Amino acid sequence: LIKTHEDVTDQRQTEARIAHMAYHDGLTDLPNRAAFLQALTQMIEACQNTVEQFAVLSVDLDGLKEINDVFGHAVGDKLLIEVGRRIENAAQGAVVSRISGDEFGLIIDGPQPASALGLADDVARALGEGFTIGGKTMRIGVTTGVAMFPDNGADAASLLANAGAALFRAKAKMRGS
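Residues numbered from 1 in each chain as written. Predicted model: local features only at pLDDT ≥ 70, side-chain atom pairs only at ≥ 80, totals over all residues. Heavy atoms only, no water.

Attention now moves to the pattern of salt bridges. Under the definition given, this model contains seven salt bridges. We note a salt bridge from Asp 69 to Lys 65, for which the minimum N-O separation is 2.8 Å. Placement of the pair is Asp 69 and Lys 65 together in helix α3 (residues 64-71), with a separation of four residues, close to one helical turn. In this structure, Asp 69 and Lys 65 share a single accessibility class: exposed. Residues Glu 82 and Arg 86 are paired through a salt bridge, measuring 3.1 Å at the closest nitrogen-oxygen approach. You can see Glu 82 and its partner Arg 86 sitting in helix α4 (residues 73-91), four residues apart, about one turn around the helix. Across this residue pair, the class does not change: Glu 82 and Arg 86 are buried. Salt bridges sharing common partners tie together Asp 60, Asp 62 and Lys 171. (Salt bridge = Lys/Arg side-chain N within 4 Å of Asp/Glu carboxyl O. Helix = DSSP H or I, 4+ residues; strand = E, 2+ residues; numbered from the N terminus. Buried < 20%, exposed > 50% of the residue type's maximum accessible area, 1.4 Å probe, protein only.)

In this description, a pair of aromatic rings is defined by centroid distance and the angle of the planes. Under the counting rule described, the total for this entry stands at one aromatic pair. A ring pair is formed by Phe 54 and Phe 149, whose centres lie 4.9 Å apart and whose planes are at 15 degrees; its orientation type is stacked. Linking Phe 54 in strand β1 (residues 54-62) with Phe 149 in strand β6 (residues 141-149), this pair joins segments that are 95 residues apart in sequence. Relative accessible area serves as the criterion here: at 0%, Phe 54 is assigned to the buried category. The ring of Phe 131 carries the charged tip of Arg 86 above its face, separated from the ring centre by 3.8 Å. (Phe/Tyr/Trp six-rings, centres within 6.5 Å; stacked < 30°, edge-to-face > 60°. Lys NZ or Arg CZ within 6 Å of the ring centre and 35° of its normal.)

With that settled, consider α4. Owing to its 3.6 residues per turn, the α-helix aligns residues three or four sequence positions apart on the same side. Look at α4: 26 Å from first C-alpha to last across 19 residues, which is about the 27 Å you get at 1.5 Å a residue. Listed in full, the buried residues belonging to α4 are Val 75, Gly 76, Leu 79, Leu 80, Glu 82, Val 83, Gly 84, Arg 86, Ile 87, Ala 90 and Ala 91. Positive phi appears at Gln 92, one or two residues downstream of α4, with a value of about 45 degrees. (Expected span 1.5 Å × (residues − 1).)

Attention now moves to the side chain of Asn 32. One can find Asn 32 in the loop between α1 (9-23) and α2 (33-47). The exposure class of Asn 32 is buried, given its relative accessible area of 15%. A polar contact is formed between the side chain of Asn 32 and the backbone oxygen of Ala 22, at a distance of 2.9 Å. (Polar contact = N/O pair within 3.5 Å; in protein donor to acceptor, adjacent residues only side chain to side chain.)

Nothing here speaks to function; it is all geometry.
Rendered as structure tokens:
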């Protein structure tokens, strides 16, 4: 009879880190686009054949490029971390993800469009307070596009595309709207 024991603690921790990295943004540690699409798909499945509503918000920062140009990318990265934290605090339980460079995706349930508009206002207010990073004071704006389930799409790709199109129209009309 031979008995062996192997400590797999390090292996389990490594697997957990890899799984976390696969679904989280490396800078902000918010869920990434893949995690956002997964949450969106789950929300659609939960709300199909019901009267439940939810909205997808596409939130884009106005002025990040200029901050990167003037203060450098290290300051821009610190700003993105703080922006992610503020959006998460303002969202009060809504799904928050960093979709791409300066774009964040949010999912909020409840009566629409009131819940989505309230969340967009809360996020704008939270980011409108200005930031102090490395002794430098800066301000950024935010523009938001909204798509509602089921009116603006019945699948994840359509909802995200329509929120992006609404964001594009909002930016063309007036940044900060």
